[in-house]
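Letter by letter, the chains look like this.
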Amino acid sequence: MTQIIFKYDLGKDIENFIRGTRAKNSSKPTKLQEIYIAKNGTDYNEAKVREFLESYTKKISFDPEKSMRELEESWRKIEGPFLQRIEEMFKITYPASQIMAYLTTNQRCTYNIPENYFFVNFAAKSSNHIIMHELFHFYTWYALHDDLVTAEIDENQYNDIKESLTVLLNTEFLELMNGARDKGYPQHVETREKVQELWNSSKDIQQVAFGVFTPHRRRA
């Protein structure tokens, strides 16, 4: 079964920060981004971001080893049950034996499915929720993406689907969430409601994904 490996790498933290400024689902700056903008404006030059993050991590006395241990201890308690359940839900075995979870100082967490890594904020109160949310995107890609594209679901619609499927964390993985809720983005409220409705009636993830955008609801 796939295992999540935790690591901190400044270069990856820089990558996540810069990519987070171009987020598809929200243009609102994170708290860390706001601090950066106050000092550097919106010039996200890699050298400037590196200097900023090096200064910031020193200022907050960031201890990556301690943070990695804490996140890993918390995750290992639910890793087995979660991975078993998500593989049953998506009806696939994940094609890689490891997925990297890079710690980041930013509150926005990006991911890279082809290279099997995602980011999790080192200070997140509900780090397990973030990890589960990101893994939902990974499993959605491998289980559904190609078939959805073949069915003429465009990339914007696919984004809506993969973000909306995470609503199922609130019901099918409730006892693993430790009180957290997957709220999603405001623009996906209707789609998330449709996902939950379709799941309740079918318990089939493919029927849910293909049922969200029926022909008359597809965008031109």
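Conventions adopted
Residues numbered from 1 in each chain as written. Predicted model: local features only at pLDDT ≥ 70, side-chain atom pairs only at ≥ 80, totals over all residues. Heavy atoms only, no water. Helix = DSSP H or I, 4+ residues; strand = E, 2+ residues; numbered from the N terminus. Expected span 1.5 Å × (residues − 1). Bend = angle between axes of the 7 residues up to and from the residue. Buried < 20%, exposed > 50% of the residue type's maximum accessible area, 1.4 Å probe, protein only. Pairing = 2+ DSSP bridges. Contact = heavy atoms within 4.5 Å. Core = buried A, V, L, I, M, F, W, Y, C linked by side-chain atoms within 4.5 Å. Phe/Tyr/Trp six-rings, centres within 6.5 Å; stacked < 30°, edge-to-face > 60°. Axes fitted to C-alpha atoms, helices over the stretch in contact; angles between N-to-C directions. Parallel < 35°, antiparallel > 145°, perpendicular 65-115°, else oblique. Left-handed = near helix turned anticlockwise from the far one by under 90°. Nonpolar A, V, L, I, M, F, W, Y, C, P; charged D, E, K, R; others polar. Salt bridge = Lys/Arg side-chain N within 4 Å of Asp/Glu carboxyl O.

Observations regarding helix H5 (residues 127-150)
Over its 24 residues, H5 extends 34 Å from the first C-alpha to the last, a length consistent with the 34 Å expected when each residue adds 1.5 Å. The sharpest bend along H5 comes to roughly 55°, located at Leu144. When you tally the buried positions in H5, you get 18 out of 24 residues, the bulk of the element.

Details of the pairing of strand S2 (residues 98-104)
Within S2, 6 of the 7 residues are buried, which leaves the element mostly enclosed by the surrounding structure. In this sheet, strand S4 (residues 117-121) lies alongside S2 in parallel orientation, the contact comprising 5 bridges. Bridge pairing in S4 places Leu103 opposite Val120.

With respect to the environment of Phe52
By the element assignment, Phe52 lies in helix H3 (residues 46-59). Each residue touching Phe52, except ones within four places of it in the same chain, is listed here: Phe17, Leu32, Ile35, Tyr36 and Asn40.

Structural notes on the nonpolar core
If you look at the biggest cluster of nonpolar residues, it comprises 58 residues, and the most contacted ones within it are Phe82, Phe90 and Phe136. Of all the elements in the fold, those that place two or more residues in this core are strand S1 (3-7), helix H4 (64-90), S2, S4, H5, helix H6 (155-164), helix H8 (189-202) and helix H9 (205-212). Counting 10 residues, the second largest nonpolar core, distinct from the first, contains Phe17, Tyr44, Val49 and Leu53.

Regarding the packing of aromatic side chains
Overall, the coordinates contain 22 aromatic pairs when judged by the stated rule. With a centroid separation of 6.1 Å and an interplanar angle of 40°, the aromatic rings of Phe90 and Tyr139 are classed as tilted. Of this pair, Phe90 sits in helix H4 while Tyr139 sits in helix H5, and the two are 49 residues apart along the sequence. Of the residues examined, Tyr139 reaches a relative accessible area of 0% and is grouped as buried. A network of ring pairs unites the aromatic residues Trp75, Phe82, Phe90, Tyr94, Tyr111, Phe118, Phe136, Phe138, Tyr139, Tyr142 and Phe173 as a single cluster.

Remarks on the packing of H4 against H5
The description of two helices packed together rests on the angle between their axes and the distance between the axes. One can describe the packing of H4 onto H5 by two numbers: an axis separation of 10 Å at closest approach and a directional angle of 30°. Comparing their axes, H5 and H4 come out roughly parallel. For the pair H4 and H5, the sense of crossing is right-handed. Judged by residue contacts, Leu71, Ser74, Trp75, Ile78, Phe82, Leu83, Ile86, Glu87, Met89 and Phe90 of H4 engage Ser127, Asn128, Ile131, Met132, Leu135, Phe136, Tyr139, Thr140, Ala143 and Leu144 from H5. Here the contact of H4 with H5 is built from residues that sort into 15 nonpolar, 4 polar and 1 charged.

Re the environment of Met132
Looking at where Met132 falls in the secondary structure, it is placed in helix H5. Once the C-alpha coordinates of Met132 and Thr166 are considered, the two residues, 34 residues apart in sequence, prove to be 8.7 Å apart. In contact with Met132, other than residues within four places in its own chain, are Trp75, Ile78, Phe82, Leu169, Leu176 and Met177.

Notes on the pattern of salt bridges
Enumeration over the complete set of coordinates arrives at 11 salt bridges. Notably, a salt bridge pairs Lys91 with Asp204, separated by 3.3 Å at the nearest N-O pair. Placement of the pair is Lys91 in the loop between H4 and S2 and Asp204 in the loop between H8 and H9, with a sequence separation of 113 residues. Judged by relative accessible area, Lys91 falls into the exposed class, the value being 57%.

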